[in-house]
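Each chain is listed here by its residues.
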Amino acid sequence: MLWREKVRADHIMQEWTPPDVLSKYFAGGICGYDREGCPVYIVPAALIDMKGLVLSAKKADILKYDCYIHEMLRVEFKQQSQKFGHLIDKVTLVIDLENFSMKHLLMPGMDVLLQMMGQTEANYPETLKTCYVVNAPMIFPLIYKACKPFMSDDTKKKIVILGPNWKEKLQEEIDPGQLPQHWGGTATDPDGDVYCRSKVCMGGEIPDSFHIKPEDLVDKDSITILTIPRSSTRDIEFEVKEIGKVLRWVFWSEGYDIKFKVSFRVNNSVEPETLKPLKRIECHLVPEDGILECLNTGTYILTFDNTYSWLQTKKVFYSVELLDSVLSPNENGDTLLDATPTPSKNGDADLCDATSDLKL
């Protein structure tokens, strides 16, 4: 409930307009309803260009769009409950992995996708009725291993992997008239489109024209250049004197990745407490942005770590600001979402562990 208040989830559909690149290219959509009246949401996963998305939209906006989709589903729940006269509060999910390959598992796009899963598990519990996976490729065990730490035990039990007869199986739960023809139903758009693109966004590769330049993410005057010699670290310290302040950072590097962590200490005599664990960030490919709500007064330390590099000096461009609250609007008038990955309470690995074997 506190999270919903912070991100203004109850008002997001009225107050926020998603960036064009998300509404046009984030594959998926409600195609109809199952036999019990629950919305059916289809995701053609291989058509989501996650790398293109993180190059074209802020991470906070991608997470915010995930919230936007779930709030749209809540509206559907309410309408269907009124129509059927009983509570409907779950969605039937169909994930199509046709043409899904190893390239879809590479960072940093996969990183954001897992953060979205963590956000959903933490803040929209028990909204999944069943997740049907169709056209599962040979690498599906790797996909599941990466996602598993971010799912509760209840969610894992709701995942059903369908075999070659998946179209017939889907029709047992969903009337053919509520399924696009491409997925085994009879529904088409008025123009004969078998994918029902009017309802289901089919994603696709995002044109370079949508890509955001790193320096456009922040005020150019606020950018600081930091040189980090090989086998060295550099700290940026912020003294916070009021509870509730928010640190917001954006950084990218030139040519090479960097490790990053955030820690906190009350005073110089105390060992710093790690708030965001040390993690290798591929910010030479995609700018990294994030926020942290300051729950205590003291010194917050942002660390850029290059100790793992024996030969290469790294150049990092960064901007860090201290905001009044998590609801402080950014330069576009948007409020911020916390971009922290949130594994489920039953998960036994963090984001780095879950994807370490996927970084080829």
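Residues numbered from 1 in each chain as written. Predicted model: local features only at pLDDT ≥ 70, side-chain atom pairs only at ≥ 80, totals over all residues. Heavy atoms only, no water.

Caption draft 1: A look at the side chain of T155. Tracing the chain through its elements places T155 in helix α8 (residues 153-157). Within polar-contact distance, the side chain of T155 engages the side chain of S152 at 3.1 Å. Contacts of T155, omitting those with residues within four sequence positions, involve E121 and L128. (Helix = DSSP H or I, 4+ residues; strand = E, 2+ residues; numbered from the N terminus. Polar contact = N/O pair within 3.5 Å; in protein donor to acceptor, adjacent residues only side chain to side chain. Contact = heavy atoms within 4.5 Å.)

Caption draft 2: Here's a closer look at the pattern of salt bridges. In total, this model carries 17 salt bridges according to the counting rule given. Here K129 and E36 are joined by a salt bridge, their closest N and O atoms 2.9 Å apart. Highlighted residues: K129 in strand β4 (residues 128-134) and E36 in the loop between β1 (29-33) and β2 (39-44), separated in sequence by 93 residues. Notably, a salt bridge pairs E126 with K158, separated by 2.9 Å at the nearest N-O pair. Taken together, the residues span a long stretch of sequence, with E126 in the loop between α6 (109-123) and β4 and K158 in the loop between α8 and β5 (159-161) at a distance of 32 residues. Assessed through its relative accessible area of 39%, E126 is described here as partly exposed. With relative accessibility at 17%, the residue K158 sits in the buried group. By sharing partners, the salt bridges in this structure join R4, D10, E71 and R74 into a single network. (Salt bridge = Lys/Arg side-chain N within 4 Å of Asp/Glu carboxyl O. Buried < 20%, exposed > 50% of the residue type's maximum accessible area, 1.4 Å probe, protein only.)

Caption draft 3: Main features of the environment of P214. In this structure, P214 sits in the loop between α9 (166-173) and β6 (224-228). By relative accessible area, which is 23% here, P214 ends up partly exposed. For the pair P214 and Y318, spaced 104 residues apart in the sequence, the C-alpha separation amounts to 9.9 Å. In this structure P214 touches W252 and P287, once residues within four positions along its chain are discounted.

Caption draft 4: Summary view of the environment of I30. Among the secondary structure elements, I30 is positioned in strand β1. Distance in space between the C-alpha atoms of I30 and C201 is 9.3 Å, their sequence separation being 171 residues.

Caption draft 5: The state of the cysteines, seen in detail. Inspection of every chain in the model, using the stated rule, returns zero disulfides. Unpaired in this structure, C196 has its nearest cysteine sulfur neighbour in C31, at a distance of 7.4 Å. Here C196 falls in the buried class, since its relative accessible area comes to 3%. (Disulfide = S-S within 2.5 Å.)

Caption draft 6: Representation of the sheet that holds β1. Taken in spatial order, the five strands make up an open sheet running β1-β2-β3-β4-β5, and their pairing is mixed. Since the sheet does not close on itself, it has two edges, and those belong to β1 and β5, each with one partner. Strand after strand, the sheet turns through a mean of 25° between neighbouring axes, direction not considered. Helix-sheet contacts for helix α5 (residues 59-84) involve β1, β2 and β3 (91-96), and the interaxial angle to β2 is about 155°. (Pairing = 2+ DSSP bridges. Axes fitted to C-alpha atoms, helices over the stretch in contact; angles between N-to-C directions.)

Caption draft 7: Here's a closer look at α6. A rise of 1.5 Å per residue sets the reference length of α6, with its 15 residues, at 21 Å; its end C-alpha atoms lie 21 Å apart and thus fit the reference within 8%. Three or more residues of α6 are buried, namely G109, M110, D111, V112, L114, Q115, M116, G118, Q119 and T120. (Expected span 1.5 Å × (residues − 1).)

Caption draft 8: Layout of the nonpolar core. Formed by 52 residues in total, the largest nonpolar core has its most connected members in L22, F26, Y41, L53 and I62. At eight residues, α5 tops the list of elements feeding residues into this core. If we skip the residues at most four places from it in the chain, I62 touches L22, F26, L53, V54, A57, V112 and M116. Grouped together as the second largest cluster of nonpolar side chains are 22 residues, I228, I258, C283 and Y300 included. (Core = buried A, V, L, I, M, F, W, Y, C linked by side-chain atoms within 4.5 Å.)

Caption draft 9: Spatial organisation of the pairing of β4. Across the seven residues that make up β4, a large majority, six, are buried. Here β3 runs beside β4; their pairing, made up of six bridges, is parallel. When the bridges of β4 are listed, V91 appears paired with L128. In terms of strand pairing, β4 meets β5 through three bridges, oriented parallel. Residue pairing in the sheet places V133 in a bridge with I161 of β5.

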